[in-house]
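# Structural features, examined
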Amino acid sequence: MAAQHDSAREREIRREQAHLDGVYRRLEEKIHEAEFLMDDASKRAQVGTPGALAERDAQVFRAGVHLNRLNSEFEDFLFGRIDLLRGADAERGPDGAYISSEPAEGAVREDGAADIAETLHIGRIGVLDAGYTPLVIDWRAPAAAPFYRATPVAPGRVVRRRVIRSKGRRVLGVEDDLLRPQITARLDGEELPVIGDGALMAALGQARSHTMRDIVSSIQAEQDLVIRAPAASVTEVEGGPGTGKTAVALHRAAYLLYQDRRRYAGGILIVSPTPLLVSYTEGVLPSLGEEGQVAIRALGSLVEGAEAGTYDEQSVARVKGSARMVKVLHRAARGALDAGEVPQRLRVVAFRNRVELDAGELRRIRQQVLSGTAPVNLMRPRARKFLLDALWEKCGARRHHTDPDLAAEAREGFDEDVSAEDDFTDFLDAWWPELTPRRVLASLADEDRLSLFAGAASGSGGTGRSGGAAGRGRTGRNRAGRSRRGQLLTPAEVRAVARSVRRLGADGEGPLSVHDVALLDELRVQLGTVAKPRRREAELSLGDPLEQLTGLDELTTAADREAPRRGRAERLAEERTDYAHVIVDEAQDLTPMQWRMVGRRGRHATWTVVGDPAQSSWPDPEEAAEARGEALGSRPRRRFELTVNYRNPAEIAELADRVLARAMPGVVPPKAVRSTGLRPRFAVASGELGAAVRAEAERALSEVDGTVGVVVPMRRREEAREWLSGLGDRVVPLGSLEAKGLEYDATVVVAPAQIAGEPPTGNESAGGGASLDDVPGEASPAGLRVLYVALTRATQRLTVLSAEGDLPDTADVPHLLRD
Ligand SMILES: Nc1ncnc2c1ncn2[C@@H]1O[C@H](COP(=O)(O)OP(=O)(O)OP(=O)(O)O)[C@@H](O)[C@H]1O
């Protein structure tokens, strides 16, 4: 029986191999076609402009290179096949396949027999044969949708879905799902064979590496609905851990580009919470045939020239992320002209007279200038004009001219003379310097200044409306000391933030934290920058050079795109601050300030926002929801929910759900699709914690082939690196908040009560150091949500190692994880 089955499998593999061979033959024809075109182009004397010819040469050359590389570099280039019944009508779509999604009446005969009328192969790119019949359909094409959408309940025309595993030119295996088991279908006169137990389970059981794989061959129906949702307005996707939100977001980016390349020439931005998650996911798009138009950025790398390198203590992050900072920064931007040395007197010579403005006059002029609403840096011309007005008044020349024309002429001469004086220009540079966001942020290291800006709301003025910096600093502090009502930040918060920005140094060039970056972006807007000239759209557009080669939708490989496009993609990302589509991953964790920063990059964009409120580590969900609402504006929303957990085996999911029930009672967890029979392991660190962690990590390493994540409380992450040193790169130490979005074959979760008892905050990551007590605080809802994230990272095995505060029972189960 087994031998028979094997031979059926082998026969099917041979058949798929024959098809793949045919595809490669066609590709080789395309190589020749490309070579011919290249040859032809070079022979032609003058057709079109020289520029057009050069472009054409380049295109043809690239086409040849792509085709050559295709053989070796496109792993599982062909991965799927569907066998379909005859459709309700005989109309074909642009990809050469029949359009009907429902079978024709009579396609299944009364005795349950039916013939397969159409077979489609699905791959990463589309290939047509010489007669425009599809050899391979691009996975994003409408004709490929049934491959993902068909279910036994709603099979449409699909009788059998097959996943093909191949490498380069070789077919390695096939796995089938029968979607209409009740009918007897025949293909070319033979009964349709069904091989294997389905591809999804095979994919889920594979060992994990440090980079995410695409799921193109096993996208599930509810995920496909999101990936192919129309790009209008805002697509919101919620789902528990492991439901494929990140995977879906990445596939959606590739799908949108395929659908409307021209529209998305404006760029797609994918915002990820941490650099770890960026490096984990960034290989997926090239494997899907896309890269150049998509920028994947961590929140700490979203602002040009401001790369976050450190992380704030959690209590500080909480303040910096809060929407209260908007007003503080508004005041800081307008008050920043008073930071440092400010000239107290302006002296010029005009019409052979010395004219002077003293400190009081200068202060009043500054107040007048700042009464405008423009960003501070853009007010410099206004400041210049007001100074000249005051000097003109003071020099008394106006009184000598009764004739308005003569007066105007004299004034013009006056302005020209004064403006040309070094004393005047030097003064203006010092009195109204161009402010940089970094410098203004750094100026908040002065507690007096910060407490003034953080003081009770008093209009929008900031220091520009009152006296000198030092005097105002004192006033602010007194005011703050007198009354806390209406204060934006408490004195303790002021101290903590001021201390944290000292890291930037006086010039502001020191290391930035993740949360500083959103503050810089806010200041960038408040201060204003002189716009750089924009490149011409044509220069930016990547176009699709291969569109001209008939019969191939698109032929590029990851390696192709990497080399020539990388520089270009980087340049595009650098230049771009406004995208055509913005995808936000782990959206539940953006702080209000980060929502503002991200919102600015998608003012004219459509959006896809994916997240899970149950995994939010931000302590004030309402404040974040409000900021998210503002960033997304009044655009209509379309909501989707993902309900199946593809990552965790049921045994692990069940344990994690106990924590979810504590963190968010009543929330329905996603359903785990597989079970391994391996229950989580519980252990207690009775001696030295480091030794126990290392021993558990070693044990996990011996149990799985792939990666092991060791999740520790944030304040332990530096120590954890030492505990695990020398165990090799299959083991990754992680602070609890760093684990977000990642997954490992095995995880060791250390000290759950400490993880749940840490002060909550937004997206934190490696580096820096929180200063917490050894004994964990009370588990907060946000802390429990962080623990829930930690417990849902494993694809195969989970170990929970109890430490101080965990109160394990006789079976070593810590109190937070008991029923
Ligand atoms: N249809 C699928 N076929 C195969 N694997 C899948 C499928 N959907 C999801 N997966 C796998 O499940 C795992 C979880 O996916 P992903 O990281 O996208 O989930 P998530 O919802 O973003 O999780 P979290 O909220 O925990 O970050 C990944 O390994 C992904 O490849």
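Here the residue numbers are simple positions, counted from 1 along each chain's written sequence. Side-chain atom pairs in this predicted model are given and counted only at pLDDT of 80 or more, local residue features only at pLDDT of at least 70, and totals for whole chains, interfaces and linings cover all residues.

An unreviewed UniProt entry annotates the protein chain as HelD family protein of Streptomyces ovatisporus.

## Re unusual backbone geometry
For E586, which is not a glycine, the phi torsion comes out positive at approximately 50 degrees. Turning to its location among the elements, E586 is positioned in the loop between β17 (581-584) and α22 (592-600). Even without being a glycine, L807 presents a positive backbone phi close to 45 degrees. Every helix listed is a DSSP run of H or I at least four residues long, and every strand listed is a run of E at least two residues long, numbered separately from the N terminus. For L807, the location among the structural elements is in the segment after β26 (794-802). Residue L807 is classed as exposed on the basis of its C-beta count, with 12 C-beta atoms lying within 10 Å. A residue is called partly exposed when the number of other C-beta atoms within 10 Å of its own lies between 12 and 20, exposed at 12 or fewer, and buried at 20 or more, with C-beta atoms placed from the backbone.

## Overview of the site of the ligand
Put plainly, near means the residue's C-beta atom, positioned from the backbone, lies within 6 Å of the molecule or strand in question. Taken together, 24 residues sit near the ligand, with S218, P241, G244, K245 and T246 positioned nearest. For the shell around the ligand, the secondary structure elements donating two or more residues are α4 (199-205) and α6 (245-259). Looking at the shell around the ligand residue by residue, the class counts come to eight nonpolar, eleven polar and five charged. Where each domain starts and ends follows an automatic or database-derived domain assignment. For the shell around the ligand, the two domains that each supply at least three residues are domain 2 (221-304 + 552-642) and domain 4 (650-817). Charged residues are taken to be Asp, Glu, Lys and Arg, nonpolar residues to be Ala, Val, Leu, Ile, Met, Phe, Trp, Tyr, Cys and Pro, and polar residues to be all remaining types, Gly included.

## Digging into helix α23 (residues 621-632)
Here α23 spans 16 Å end to end across twelve residues, near enough to the 16 Å set by a 1.5 Å rise per residue. If you check which residues of α23 are buried, you get A624, A627, R628, A631 and L632. For α23, the arc enclosing every buried residue in end-on projection is 130 degrees, short of the 170-degree limit, so these residues lie on one face. α23 presents E622 and G629 as exposed residues on the side facing more than 90 degrees away from its buried surface. On the buried face of α23, the contacting elements are β10 (234-239), α22 and β18 (606-611). Count one or two residues on from α23 and you reach G633, which has phi positive near 65 degrees. Expected helix span is given by 1.5 Å per residue-to-residue step, counting one fewer step than there are residues. The directions from the helix axis to the C-beta atoms are what the arc is built from. By the convention adopted here, residues are in contact when the distance between their C-beta atoms, placed from the backbone, does not exceed 7 Å.

## So, the sheet that holds strand β9 (residues 190-191)
The sheet built from three strands is open, its strands ordered β2-β8-β9 with mixed pairing. On the outer flanks of this sheet lie β2 (113-115) and β9, each paired with one strand and no other. Direction of pairing for β2 relative to strand β8 (residues 184-187): parallel, over a ladder of three bridges. Bridged to A113 within β8 is T184. Think of it this way: DSSP has to see at least two bridges between two strands before they count as a pair.

## Concerning the sheet that holds β26
Spatial strand order, β22-β26-β25-β23-β24: five strands in an open sheet with parallel pairing. Strands at the two margins of the open sheet, each flanked by one partner only, are β22 (681-684) and β24 (731-735). Neighbouring strand axes in the sheet, compared pairwise and without regard to direction, differ in orientation by 20 degrees on average. Interaxial angles span 0 to 180 degrees and are taken between N-to-C directions of axes, which are lines fitted to C-alpha atoms, for helices over the stretch in contact.

## Focus on the packing of helix α12 (residues 380-395) against helix α13 (residues 404-420)
Contact geometry for α12 and α13: axes closest at 11 Å, N-to-C directions at 115 degrees. The element α12 and its partner α13 pack so that their crossing is right-handed. Contacts between α12 and α13 involve L388, L391 and W392 on the former and, on the latter, R411, F414, D415 and V418. Broken down by class, the residue content of the contact of α12 with α13 amounts to five nonpolar, no polar and two charged. By definition, turning the near helix anticlockwise from the far helix through less than a right angle yields a left-handed crossing, and turning it clockwise yields a right-handed one.

## Details of the pairing of strand β11 (residues 268-272)
With respect to burial, β11 is a largely interior element, five of its five residues being buried. With burial as the criterion, each face of β11 is covered, one bearing I268, I270 and S272 and the other bearing L269 and V271. Of the strand pairs in this sheet, β11 and strand β12 (residues 294-298) are connected by five bridges, and their pairing is parallel. Its bridge partner lying in β12, L269 is registered against A295. Relative to β17, β11 is paired through four bridges, and the arrangement is parallel. Of the residues in β17, the one forming a bridge with I270 is I583.

## A short note on the environment of A751
Summarising the element assignment, A751 is placed in the loop between β25 (744-750) and α27 (752-757). What makes A751 buried here is the crowd of 26 C-beta atoms within 10 Å. Separated by 54 residues in the primary sequence, A751 and G805 have C-alpha atoms spaced 7.8 Å apart. Among residues more than four places away in sequence, those in contact with A751 are V712, P713, A803 and D806.

## Brief notes about the confidence of the model for the protein chain
Known as pLDDT, the predictor's confidence for each residue is given on a scale from 0 to 100. Chain-level pLDDT for the protein chain is 82 on average; 81% of the residues reach the 70-or-more range. Across the protein chain, β22 holds the top mean pLDDT of 98, while helix α17 (residues 469-482) sits lowest at 34. Taken as a whole, residues 458-484 scores under 50 in pLDDT and shows 45 contacts with residues more than four places along the chain or in a different chain. For the stretch residues 532-574, pLDDT sits under 50, and the model shows 62 contacts to residues farther than four places along the chain or on other chains. Interface predicted TM-score (ipTM) for the complex: 0.99; the corresponding pTM is 0.79.

## What about the nonpolar core?
The biggest cluster of nonpolar side chains holds 199 residues, and the ones touching the most others in it are A253, I268, V659, V710, V750, L787 and Y788. Broken down by element, this core gets its largest block of residues, ten residues, from α6. The residues touching V659, leaving out its near neighbours within four places in the chain, are L784, L787, Y788, L791, L816 and L817. When buried Ala, Val, Leu, Ile, Met, Phe, Trp, Tyr and Cys residues are joined through C-beta atoms within 7 Å, the set is termed a nonpolar core.

## A word on the packing of helix α19 (residues 514-527) against α22
Relative placement of two packed helices is described by the angle separating their axes and the distance separating the axes. As a packed pair, α19 and α22 sit with axes 9 Å apart at the nearest point and diverge in direction by 55 degrees. Comparing the axis directions of α19 and α22 gives the class oblique. Once α19 is placed against α22, the crossing between them reads as left-handed. Here A518, L519, D521 and E522 of α19 lie close against α22, whose contacting residues are M593, Q594, R596, M597 and R600. Of the residues in the contact of α19 with α22, the class split is four nonpolar, one polar and four charged. Note on angle classes: values under 35 degrees are labelled roughly parallel, values over 145 roughly antiparallel, values of 65 to 115 roughly perpendicular, and the remainder oblique.

## What about the pairing of β24?
Counting buried residues along β24, five of its five residues qualify, which places the element largely inside the surrounding structure. In β24, alternate side chains face the same way, and those of V731, P733 and G735 on one face and V732 and L734 on the other are all buried. Where strand β23 (residues 708-712) lies against β24, five bridges are found, and the strand directions are parallel. Among the inter-strand pairings, V710 is bridged to a residue of β24, identified as P733. The β-α-β motif built from β23, the intervening helix α26 (residues 717-723) and the parallel element β24 has right-handed crossover chirality. By definition, the crossover connecting two strands over a helix is right-handed if that path, from the first strand to the second, turns clockwise as seen with the strands pointing away from the viewer.

## Remarks on the environment of K671
Tracing the backbone through its elements, the reader meets K671 in strand β21 (residues 671-672). Each C-alpha atom of the pair K671 and E654 lies 9.4 Å from the other, and the pair is 17 residues apart in sequence. Here K671 is in contact with T643, V644 and N645, once residues within four sequence places are set aside.

## Regarding the UniProt feature "binding site: ATP" (unreviewed entry) in the protein chain
With numbering matched to this structure, UniProt assigns "binding site: ATP" (unreviewed entry) to G239, G240, P241, G242, T243, G244, K245 and T246. Structurally, G242 can be placed in the loop between β10 and α6. Residue G242 is classed as buried on the basis of its 27 C-beta neighbours within 10 Å. Residues in contact with G242, not counting those within four places in the same chain, are N645, Y646, R647, N648, P670 and T792. By the secondary structure assignment, T243 is in the loop between β10 and α6. C-beta crowding within 10 Å serves as the criterion here: with 25 such atoms nearby, T243 is assigned to the buried category. In contact with T243, other than residues within four places in its own chain, are L642, T643, V644, N645, Y646 and P670. UniProt positions are given in the numbering used here, feature names are shortened, and annotations may be inferred rather than shown by experiment.

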